[in-house]
Number of protein chains: 2
Amino acid sequence: MRRLDRSSFPGSERIPTVESLDRITSDPVYARLSSPGFHMAAMDGFAVEASNTFGAGPDSPLSLTVGRNAWAVNTGRPIPGGTNSVIMIEHVNFLDDDSFEIEKAVVPWQNVRRVGEDFVRSEMILASHHRITPYDIGALLCGGATGVNVVRKPKILLIPTGSELISASSLENSVPKHGDTIEFNTHLLSGLISRTGGIAVRSEIVPDDYEQIKQALTAGIEADYDMVVVNAGSSAGTEDYTAAIISELGEILVHGVAMMPGKPTILGIVGGKPVMGSPGYPVSAVFSFEIFGLPVIAEMLGVPSSARQTMAAYSARKISSKLGREEFFRVKLGKVGERIVAAPLPRGAGSITTLTRADGILRIPSNAEGIEQGAMVQVELLNQPQQVEDTLVIIGSHDLTIDCLADELVKHGIYVSSSHVGSLGGLLALRDDTAHIATSHLLDEESGIYNWSYVKKFLPEVPVEIFHGVMREQGFMVKKGNPKGIKDFQDLVRDDVTFVNRQKGAGTRVLLDYYLKKSGIDASKIKGYDMEEYTHTSVAVAVLSGVAVVGMGVLAAARALGLDFIPVATEQYDFIVPRKNLGDWKVVKLLDILKSQIYRDRISSLGGYGVERSGERLVEPK
Amino acid sequence: MRRLDRSSFPGSERIPTVESLDRITSDPVYARLSSPGFHMAAMDGFAVEASNTFGAGPDSPLSLTVGRNAWAVNTGRPIPGGTNSVIMIEHVNFLDDDSFEIEKAVVPWQNVRRVGEDFVRSEMILASHHRITPYDIGALLCGGATGVNVVRKPKILLIPTGSELISASSLENSVPKHGDTIEFNTHLLSGLISRTGGIAVRSEIVPDDYEQIKQALTAGIEADYDMVVVNAGSSAGTEDYTAAIISELGEILVHGVAMMPGKPTILGIVGGKPVMGSPGYPVSAVFSFEIFGLPVIAEMLGVPSSARQTMAAYSARKISSKLGREEFFRVKLGKVGERIVAAPLPRGAGSITTLTRADGILRIPSNAEGIEQGAMVQVELLNQPQQVEDTLVIIGSHDLTIDCLADELVKHGIYVSSSHVGSLGGLLALRDDTAHIATSHLLDEESGIYNWSYVKKFLPEVPVEIFHGVMREQGFMVKKGNPKGIKDFQDLVRDDVTFVNRQKGAGTRVLLDYYLKKSGIDASKIKGYDMEEYTHTSVAVAVLSGVAVVGMGVLAAARALGLDFIPVATEQYDFIVPRKNLGDWKVVKLLDILKSQIYRDRISSLGGYGVERSGERLVEPK
């Protein structure tokens, strides 16, 4: 924090204690009052001078008179002067309204909380640099500290820049124009700042213009902000002005860091205040800010940067990483058998859902070239550890019904981690014991029976049961109005038709190949047969955006994106469960839900699904 | 949750996404827009149709013309129609302003983020029952979801009852009258509710009056609260009305639970709404509400109750517990050597500081009779685990300077856990390896030298260094004006004088005994010689509140409580550090601070301390 002007760090302010939850004390707080403030009855009963009870015993009961040598007192009330102990009401035998006997003496200060028993006025209740908890609020008020000095919240100005950006609020009743991008990075950073204890203020969106960005930054430095963050424009492109502006106005300390995502990070100082240029890709913006921005805010508050809890896990896959930079992978976590398994999500720094879907962050240090499959790694948790225990790992073929299933399961406290790697990939995950359940729709070309022959071939040593999921319509997805007039498989080899395929091992691809063979079509004649997508929706997107003319997938995907659909087959989509997982309560609940009316109604409404036999255990064919 | 009217649970409300941090989704959220919404350049460079670059190589450079078959594009912008890849600007050799050469072809979709690469409109972005994170806000806005349906925050009415209670706000410029108690339980519970995601509303304080409490409860049930909590009056005393009122208005499900603290908890239902009677002692109120109240709020929100992280630790002491009830101990945690050590704080349910000082909660189940010293236990953490690593454990003699030291150390990220068990107790803690440092002022009656002979006797196998702490004045503490005219040790045996002593093993007691012997006084003649207190301040309180006429302690304690002070001796208070702990950075920092001017100035201002040699390593006497 070289050359930062610490005297400009946020000072302190006095606030009412009742509003101080989660604020940071700037000074120690001393008790103004002792607790208790008087000798207090700790029980309901009679206050007495203990020596007046000496000699009482079962054989020598001793009588006391209310108002003369005993006074009724309730818990929490002062004992009268001249008394020093309380006889519990339960130990009293009344003789009449005004007198009673006891069979046991009390010792001085028995059943009495003495003045200052908890703390004494002038004692320190809280040290400085302490985050105030609900308990602390109780203790402060108890000690008569109705106000408390806390560190003023650091105020951070976030300047979103980019001529392509539009504000989210402008979108409430419209869709973006072609090329417009919704500005959300600064809203995301605001949430991180707020959770750390700062206040984020977002400026208007500034276009990619040197002078305008400079003006916004200057205004922030001159106002009462403690730090300014310029989001995007931190790289070295023709419209990346942040570095030049910071250089002109102040000093750059760092430009570019050996981490990924987050490399194009700028740290500088302008007018004694920290300034940060943060990258435009959302995942880069997050990691850059979490590593470099939040610690500055913590420093201003005078508290340690909060560290995430970690958990040991086995890597479900080999993960490669480049030497010389620290790499941050977002991972899904699940407990399969006794092992916690970490599966990396896609790397793309533009993919915000890799953060929202992640259960944890896996850092691969700059001196490592990656991680072997099955290696033990430490993962920083984004959720409660219990959530990992409560996560059902489903790997295999993609279907839109999995999202509905996940949404029903979460109502029962079960989280679903689903990876779309195709039917075959699901079977291999069961083999490697990295999933509880695989989803599959692999058609045996010989027998016309789904899944069983593949299970036999790929999982010879894993005893499984197969539960029916859904029947679903597969077909061609084409643009609205079917402009190229696609009717059947013969159309796929036309010169003016580009196809988009699914990846090898996907059930849909197996189905396609089955029909091509049946129709005597040479796959190599199909333009785009090698263009692979991993999900039904991405095939639909390829068609919608004109990358391809036609692709194969389920009705629900076509319908969701407003594509036309030409049905070609009805197929069977199943859940494959290793027998050893059948007792897992999460699996049991999933199978229950498959049979439930609420789930079936929900799936039926998607269109193109048959749910009559959902959840049925299938009998292995002879 | 039998007989609770779930239909009266808080419904949902629609709020702007930008204000949704930490709220709980009531419905799944689907993308209104795909991300990206168009084929987007992933690099700065030139958009081209990939096939136009085929054949380019180091030996066969290929030239392209800007505006004809190549178009400049920046990261994040749409690529023009008819193009499907981007040549990075770094791979371009300009021939003139309008044309350039490349030495490498691009493949279709290289350096392009395709429409829907992250997610596609209609895909589920968040499931229901999900706590919205900063990342989620980014993803929601990215998907065009500018509003989100969330569970309405459960609204909890807290009714503080008790005729002895005064509001904290009434105290801002005054002190409580004798017998008044500051109401803080409901402020504390408010903080717990707020952290769980509910809204707490506190009613006015209601006196102990059946009709008035009934009226407050009825009003709460009839208003739009989701739950009502009556604080205090849940036991069975003459002014404990909660149970009777709930019975009259509705139904009691539970009265009294097998836990400690927290036993007098009432759970009931009135008008279909959950009602809780919670105990008056603050620690009881906390545990009762954390165990029974917060889970109801979590249930209303549709999220699992949050569980605290746990940590394995060794019990520093034997802890006894009663069979048949679950007992909750507040513990201090510290890492001494390689072991995490848990030391229980006092049990008193009236002592709010046992919660604020605690690092964790140790539950002893109802079927256990306690825990042996050294046994391994699981502790629920109240702080970050890192804080345990950064905690310096100081056990031994009490001195007010320890609080100042703690407040200086926290500025360096070091937390102090101090237990006041007397000088000898500190030495025994070093022997048991449950403390980093012991504090001691044990005078050798023969040699007149402090500490060394005791270290030799009690720590024969622990090599230590002794660092000087402070010189301090010990003396008699008496009420303002010294009404009994105490002058010297002879006065202690007077008939009209009651003394308050320190516990066995305390340095102050050793000092007293030394002077009594020197003066030829028989200790058994002193009234109150057996009345033991554990700290200087509690001795001072005993004097202030009239429990005793005189006690012995340091000037700072007398001054803090406005007592008169008759000096009798100057003594030496030291820090004893096992050699193996000398390399610990926390110990190093403590020794640094002892020598610092800022610390010495602070201590001097307390009065009665000599700091000239603070931090000096003492040489073992021959």
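Each value, and the rule that gives it
- Residues numbered from 1 in each chain as written.
- Chains lettered and ligands numbered in written order.
- Predicted model: local features only at pLDDT ≥ 70, side-chain atom pairs only at ≥ 80, totals over all residues.
- Heavy atoms only, no water.
- Helix = DSSP H or I, 4+ residues; strand = E, 2+ residues; numbered from the N terminus.
- Rg over C-alpha atoms; globule rule 2.2 N^0.38 Å.
- Buried < 20%, exposed > 50% of the residue type's maximum accessible area, 1.4 Å probe, protein only.
- Contact = heavy atoms within 4.5 Å.
- Lys, Arg positive; Asp, Glu negative; His and termini not counted.
- Charge placed at Lys NZ, Arg CZ, Asp CG, Glu CD.
- Least-squares fit on C-alpha atoms with pLDDT ≥ 70 in both.
- Pairing = 2+ DSSP bridges.
- Axes fitted to C-alpha atoms, helices over the stretch in contact; angles between N-to-C directions.
- Polar contact = N/O pair within 3.5 Å; in protein donor to acceptor, adjacent residues only side chain to side chain.
- Buried area = accessible area lost by both parts, 1.4 Å probe.
- Salt bridge = Lys/Arg side-chain N within 4 Å of Asp/Glu carboxyl O.
- Nonpolar A, V, L, I, M, F, W, Y, C, P; charged D, E, K, R; others polar.
- Phe/Tyr/Trp six-rings, centres within 6.5 Å; stacked < 30°, edge-to-face > 60°.
- Lys NZ or Arg CZ within 6 Å of the ring centre and 35° of its normal.
- 1 Å grid on protein atoms, 1.4 Å probe; cavity = no way out; pocket = protein on both sides within 12 Å on 5 of 7 lines; lining within 4 Å.
- Points joined across faces, edges and corners; volume = space filled by probe spheres on them.
- pLDDT = per-residue confidence, 0-100.

## A look at the overall build of chain A
So, step 1. Broken down by element type, chain A carries 15 helices and 37 strands.
So, step 2. Taking 25 Å as the expected radius of gyration for a compact globule of 622 residues, we find that chain A reaches 34 Å, considerably beyond that expectation.
So, step 3. Taken along its principal axes, the extent of the C-alpha atoms in chain A is 110 × 75 × 50 Å.
So, step 4. For chain A, the residues scored as buried account for 58% of the 622 residues in total.
So, step 5. At a minimum sequence separation of 6, the contacts of chain A that also span at least 24 residues come to 76%.
So, step 6. The average position of the 62 basic charges and that of the 74 acidic charges among the side chains of chain A differ by 5 Å.

## Describing the relation of the copies chain B and chain A
So, step 1. Mapping chain B onto chain A calls for a rotation angle of 180° and an axial translation of 0.1 Å; the resulting RMSD is 0.1 Å. Accordingly, the operation relating the two chain copies is best matched by a two-fold axis. Closest approach to the rotation axis among the C-alpha atoms of chain B is made by Q309(B), whose C-alpha sits 4.4 Å away.
So, step 2. Looking at chain B, 99% of its interface residues are interface residues in chain A too, so the copies touch through the same face.

## Considering the sheet that holds strand β18 (residues 251–255) of chain B
Residue and element names in this part refer to chain B.
So, step 1. Judged by pairing direction, the sheet is mixed, and its 6 strands sit side by side in the order β16-β13-β17-β21-β20-β18 without closing on themselves. Each of the sheet's edge strands pairs with one partner strand only, and the pair in question is β16 (199–202) and β18. Mean inter-strand twist for the sheet, computed between neighbouring axes without regard to direction, equals 20°.
So, step 2. Bridging between strand β13 (residues 155–160) and β16 involves 4 bridges; their strand directions are parallel. Bridge pairing links I156 to A200 in β16.
So, step 3. Packed on one face of the sheet, helix α3 (residues 210–222) meets β13, β17 (227–231), β20 (266–270) and β21 (273–278) and runs near 160° to β17.
So, step 4. Along the sheet, helix α4 (residues 242–249) makes contact with β17, β18, β20 and β21, crossing β20 at roughly 25°.

## Considerations on the environment of T161(B)
Residue and element names in this part refer to chain B.
So, step 1. Counting through the fold element by element, T161 comes out in the loop between β13 and β14 (165–167).
So, step 2. Its relative accessible area of 3% is what places T161 among the buried residues.
So, step 3. Between the C-alpha atom of T161 and that of N69, which follows or precedes it by 92 residues, the distance is 81 Å.
So, step 4. For T161, the contacting residues outside a window of four places in its chain are V206, D208, I213, V230, N231 and A232.
So, step 5. A polar contact of 3.2 Å, which involves the side chain of T161, links it to the backbone oxygen of N231.
So, step 6. Here A232 takes part through its backbone oxygen, which lies 3.2 Å from a polar atom of the side chain of T161.

## Regarding the interface of chain B and chain A
So, step 1. Counting from both sides, the interface comprises 103 residues of chain B and, opposite them, 103 residues of chain A.
So, step 2. The three residues of chain B that bury the most area against chain A are R77(B), Y135(B) and R195(B), which together make up 9% of that side's buried surface.
So, step 3. Our count for the chain B to chain A interface comes out at 8 salt bridges.
So, step 4. Between R77(B) and D208(A) there is a salt bridge, with the nearest N and O atoms lying 2.8 Å from each other.
So, step 5. For the pair chain B and chain A, the interface holds 32 residue pairs in polar contact (both at pLDDT 80 or more).
So, step 6. The element contributing the most residues to the side of chain B that touches chain A is helix α1 (residues 134–142) of chain B, with 8 residues.
So, step 7. Of the residues assigned to the side of chain B that touches chain A, the class counts are 47 nonpolar, 32 polar and 24 charged.

## Remarks on the packing of helix α14 (residues 585–595) of chain B against helix α15 (residues 597–604) of chain B
The packing of two helices is summarised by the inter-axis angle and the distance between the axes.
Residues and elements named next belong to chain B.
So, step 1. Relative to each other, α14 and α15 sit at 60°, their axes nearing to 5 Å. Only Q597, Y599 and R600 of α15 make contact with α14, whose side of the interface consists of I593, L594 and K595.
So, step 2. Looking at the contact of α14 with α15 residue by residue, the class counts come to 3 nonpolar, 1 polar and 2 charged.

## A look at the packing of aromatic side chains
So, step 1. Counting across every chain of the model gives 18 aromatic pairs over all chains.
So, step 2. Aromatic pair F46(B) and F100(B): ring centres 4.5 Å apart, planes at 35°, arrangement tilted. One end of the pair, F46(B), is in strand β4 (residues 45–48); the other, F100(B), is in strand β9 (residues 99–102), with 54 residues separating them in the sequence.
So, step 3. You can call F100(B) buried: its relative accessible area is 0%.
So, step 4. Ring-pair connections join several aromatic residues into one group, and the members of that group are F476(A), F489(A), Y514(A) and Y515(A).
So, step 5. Seen from the ring of Y225(A), K155(A) lies directly overhead, with NZ or CZ sitting 5.2 Å from the centre.
So, step 6. The ring centre of Y314(A) lies 5.3 Å from the NZ or CZ of R339(A), which sits over that ring.

## Structural notes on empty space enclosed by the protein
So, step 1. With the rule as written, the count across this model stands at 5 cavities of 30 Å³ or more.
So, step 2. Taken as a whole, the largest cavity holds about 70 Å³ of empty space.
So, step 3. Every element with two or more residues in the lining of the largest cavity is listed here: β24 (326–336), β25 (339–344), β29 (391–396) and β30 (415–420) of chain A.
So, step 4. In this structure, the second largest cavity is lined by K332(B), L333(B), G334(B), V341(B), A343(B), V393(B), I395(B), S417(B), S419(B) and T434(B).
So, step 5. Elements with a minimum of two residues in the lining of the second largest cavity: β24 (326–336), β25 (339–344), β29 (391–396) and β30 (415–420) of chain B.
So, step 6. Per-element accounting of the lining of the second largest cavity gives the leading share, 3 residues, to β24(B).
So, step 7. Split by residue class, the lining of the second largest cavity holds 5 nonpolar, 4 polar and 1 charged.

## Observations regarding the confidence of the model for chain A
So, step 1. On average, chain A scores 93 in pLDDT, and the residues at 70 or more come to 99%.
So, step 2. Confidence estimates for the predicted assembly give a pTM of 0.92 and an ipTM of 0.92.

## Some words on the layout of surface pockets
All names here are of chain A.
So, step 1. There is about 460 Å³ of room inside the second largest pocket.
So, step 2. Looking at the second largest pocket, it is lined by 22 residues, and the ones nearest its centre are H129, A298, E299, G302 and V303.
So, step 3. Examining the composition of the lining of the second largest pocket, we find that 5 residues originate from one element, helix α5 (residues 282–301), more than from any other.
So, step 4. Across the lining of the second largest pocket, the residue classes break down as 11 nonpolar, 8 polar and 3 charged.

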